[in-house]
Amino acid sequence: MALCREPETRWAWVEVDRGALRKNVRAFRRLLRGRERLCCVVKADAYGHGAAECCQVMAQAGADMFAVATVLEGIKLREAGITQPILVLAEPPIEAIPALLSHAIMPTVYTVEFALAYGECAVQAGTVGRYHLAIETGMNRIGVPCTEAVEFRRSIDFHRGLACDGVFTHFATADDPDGWDYQLQRKRFDEAVGALKDAGLACGTVHCDNTPATIFDPASHYDMVRVGIGLYGLAPCESARGRIELAPVMSVRARVTRTTHPAMGEGVGYGFTYRVPRTTVQICTLPIGYADGLARTLSNRMEVLYRGRRQRQVGNICMDQCMVAIQQNPAHPQPEAEHGDLMTIIGRDGDAEITMDEMAALRGTINYEVACGFGMRLEKVYV
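Residues numbered from 1 in each chain as written. Predicted model: local features only at pLDDT ≥ 70, side-chain atom pairs only at ≥ 80, totals over all residues. Heavy atoms only, no water.

## Describing the overall build of the chain
- Each helix and strand counted, the chain has 11 helices and 21 strands in total.
- Its C-alpha atoms give the chain principal-axis dimensions of roughly 80 × 45 × 40 Å.
- Here the chain holds 383 residues, and 52% of them are scored as buried.
- If you sum the accessible surface of the chain, you get close to 17000 Å²; carbon and sulfur atoms cover 50% of it.
- In the chain, which carries 41 positive and 45 negative side-chain charges, the distance between the mean positions of the two groups comes to 3 Å. (Helix = DSSP H or I, 4+ residues; strand = E, 2+ residues; numbered from the N terminus. Buried < 20%, exposed > 50% of the residue type's maximum accessible area, 1.4 Å probe, protein only. Areas by Shrake-Rupley, 256 points an atom, 1.4 Å probe, with all protein chains shown as cover. Lys, Arg positive; Asp, Glu negative; His and termini not counted. Charge placed at Lys NZ, Arg CZ, Asp CG, Glu CD.)

## A word on the pattern of salt bridges
- Under the criterion given, the structure shown has 22 salt bridges.
- A salt bridge links E353 to R348, with the nearest nitrogen and oxygen atoms 2.8 Å apart.
- Accessibility expressed as a relative area gives 28% for E353, which makes it partly exposed.
- A relative accessible area of 42% means that R348 is categorised as partly exposed. (Salt bridge = Lys/Arg side-chain N within 4 Å of Asp/Glu carboxyl O.)

## Quick look at the nonpolar core
- Core analysis: the biggest nonpolar cluster contains 114 residues, and V42, M58, I288, L294, M343, I345 and F374 have the highest contact counts within it.
- Sequence-distant contacts of F374, that is, excluding residues within four places in its chain, are made with V14, M250, V252, I288, D292, G293, L294, I345, I346, M356 and M359.
- If you look at the next biggest cluster of nonpolar residues, it comprises nine residues, including Y274, V276, I283 and A325. (Core = buried A, V, L, I, M, F, W, Y, C linked by side-chain atoms within 4.5 Å. Contact = heavy atoms within 4.5 Å.)

## Looking at the packing of helix α6 (residues 112–124) against helix α7 (residues 149–156)
- Their axes nearest at 10 Å, the elements α6 and α7 cross at an angle of 30°. The crossing of α6 and α7 is right-handed. Contacts between α6 and α7 involve V112, A115 and L116 on the former and, on the latter, F152, S155 and I156.
- Of the residues assigned to the contact of α6 with α7, the class counts are five nonpolar, one polar and no charged. (Axes fitted to C-alpha atoms, helices over the stretch in contact; angles between N-to-C directions. Left-handed = near helix turned anticlockwise from the far one by under 90°. Nonpolar A, V, L, I, M, F, W, Y, C, P; charged D, E, K, R; others polar.)

## Topic: the packing of helix α1 (residues 18–29) against helix α3 (residues 51–61)
- At their nearest, the axes of α1 and α3 sit 9 Å apart, and the two run at 45° to each other. In this view, α1 runs oblique relative to α3, as classed from their interaxial angle. Here α1 and α3 pass one another in a crossing that is right-handed. Taken together, the residues of α3 that come into contact with α1 (itself represented by R18, L21, R22, V25, R26 and R29) are E53, C54, V57, M58, Q60 and A61.
- Residues that form the contact of α1 with α3 fall into these classes: six nonpolar, one polar and five charged. (Parallel < 35°, antiparallel > 145°, perpendicular 65-115°, else oblique.)

## Considering a negative patch on the surface
- A contiguous patch of negative charge on the surface is contributed by D175, D176, D178 and D181.
- In this structure, D181 sits in helix α8 (residues 180–198).
- The class of D181 is partly exposed, set by a relative accessible area of 48%. (Patch = residues over 30% accessible without salt bridge, like charges linked within 9 Å, V, L, I, M, F, W, Y side chains within 5 Å.)

## Concerning unusual backbone geometry
- Non-glycine residue F272 carries a positive phi angle of around 50°.
- Turning to its location among the elements, F272 is positioned in the loop between β13 (267–268) and β14 (274–275).
- On the accessibility criterion, F272 (43% relative accessible area) is partly exposed.
- You will see that R307, though not glycine, has its phi angle at about 55°, which is positive.

## Section: the pairing of strand β15 (residues 281–286)
- Here β15 lies mainly inside the structure; six of its six residues are buried.
- Burial of β15 is two-sided: the residues V281, I283 and T285 facing one way and the residues Q282, C284 and L286 facing the other way are all buried.
- Two elements, strand β12 (residues 258–260) and β15, share three bridges in a ladder whose sense is antiparallel. The residue of β15 that forms the bridge with T260 is I283.
- Note that β15 and strand β18 (residues 322–327) share six bridges and pair antiparallel. Bridge assignment links L286 to a residue of β18, and that residue is C322. (Pairing = 2+ DSSP bridges.)

## As for the packing of aromatic side chains
- The final tally for this structure, using the stated rule, is five aromatic pairs.
- Here the aromatic rings of F114 and Y118 are separated by 5.8 Å at their centres, their planes lie at 20°, and the arrangement is stacked. You can see F114 and its partner Y118 sitting in helix α6, four residues apart, about one turn around the helix.
- Among the residues examined, Y118 registers a relative accessible area of 2% and is labelled buried.
- Judged by centre distance (4.5 Å) and plane angle (55°), the ring pair of F171 and Y182 falls under tilted. Here Y182 lies in helix α8 and F171 lies in the loop between β8 (162–168) and α8, a separation of 11 residues in the sequence.
- Among the aromatic side chains, those forming a connected cluster through ring pairs are Y47, Y232 and Y368. (Phe/Tyr/Trp six-rings, centres within 6.5 Å; stacked < 30°, edge-to-face > 60°.)

## Here we look at helix α4 (residues 71–79)
- Buried residues of α4: V71, E73, G74, I75, L77 and R78, and no others.
- Phi turns positive one or two residues past the end of α4, at G81, with a value near 95°.

## Section: α7
- Taken as a whole, α7 has its buried residues at A149, V150, F152, R153 and I156. Down the axis of α7, the sector holding all buried residues measures 160°, keeping them to one side. When the buried face of α7 is taken as reference, the exposed residues oriented beyond 90 degrees from it are E151 and R154.
- Residues of α7 that are buried sit in contact with β5 (108–109), α6, β6 (129–136), β7 (144–145), β8 and α8. (Arc of directions from axis to C-beta.)

What follows is the structure, given as C-alpha cells:
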C-alpha cells in the first residue's frame, strides 16, 4: 500500500496514483499510429480523480488535447495552467461565449443561433472562434443530423469569425464493434465527413472514438481518439478486459474514529437494520458516507479491507459515516481494530482487493458513476 500524506482535517480520502495514471495514458498512446492524436477526457473533475492534477500528468505522458463537459470545467483547467487545446463536449449557452473566447476554450457547435452569436463575439474580440461540429449519427443525444451537415456548414461558414477546428460523433454501442448499430453509426459518420470534404468544407480534426472504440477498432481512430474511463484504469466494458493492460488509479481509504462492543441484540445505525449476534463483534466507525459517494444502497451488503482481510459493513450507511463489524471466528481469529487504524473501501490491502467494478455491480450501476461519486467531496491525495 502506497504511503501518502493524509488530509489533516478528516480521516477519509481518495488516493490517486500518478504512476498508474501515467502508465495508462502511455498504454493508449501505444495504440495510436502515425499522426493520430490523443484527447484525454477529464470531465466531472477527471471522473472524480482531480482534473487539474491529472491533466499535468497526462500532458507529460503525451496528451494532445483535453475534453470537458462544461465551460467552468475548462476555465478551471486554464486557471491551473493547462495550455493544451480544450474542447467542451456540448454546445453551451450563448451567455457563455465571452468566457469561451477569453479562455481560449473551444465549444461544440450544432445550432446556427449559437454558431453565429459565437462568430459575432469573436469578431468583436478581434479573434476567430474555433469550434468542433458534432454530427448526430444515431445516439440521438446532440449534434447536427448527419444528412444535414453540409447544409448546416454552408449556413454558418460565411462568417469570418468562425473556424471549424474539428468534426466528431459519439458511439452508443462501441463495446460491440461488430454489431449493426455501431457499423451504421460509423457509416453515417464517414458519409457525412465525406460529403463535407466533397463540398470543399474544411473538417479540421476528425474524431469519433471513445475508450472502447479506441481499443476495439483501430480503423476508426481517424485523426484523434477521445479516451475517458480507460485513462483511470477502469474497463469501459467487460469485453475490454485483457485487451489493454491498465492499472487502477483511485483508491478510497479511511481510518477508524471509534470502536465499541455492543451487547448481543443491540442495533447499529439508523433503523437498526443490523443487530449484534451472539458471537463477539467489534463495531468500528469510519468517517465516510453517502455524501462522499458511498451509496446508501450498499448498506449491509458491502465489505471493506482491514489488514488484508474483508470485513462486513453493517447498519445503514449514514450521510457522513458508516460502521464496520469485525466478527471473531474461532477457526480464523483476527486482531480487533484500534482508533486510527486504516481501512480500505476501494483498492488493495496486501493480497486482497476491492475494485470499483465490484462496488458498481453491488449498486447496479457502472464504474464511471462510482468513481465520480467518490471524487465529489473527499479530499484527494496524490501519490
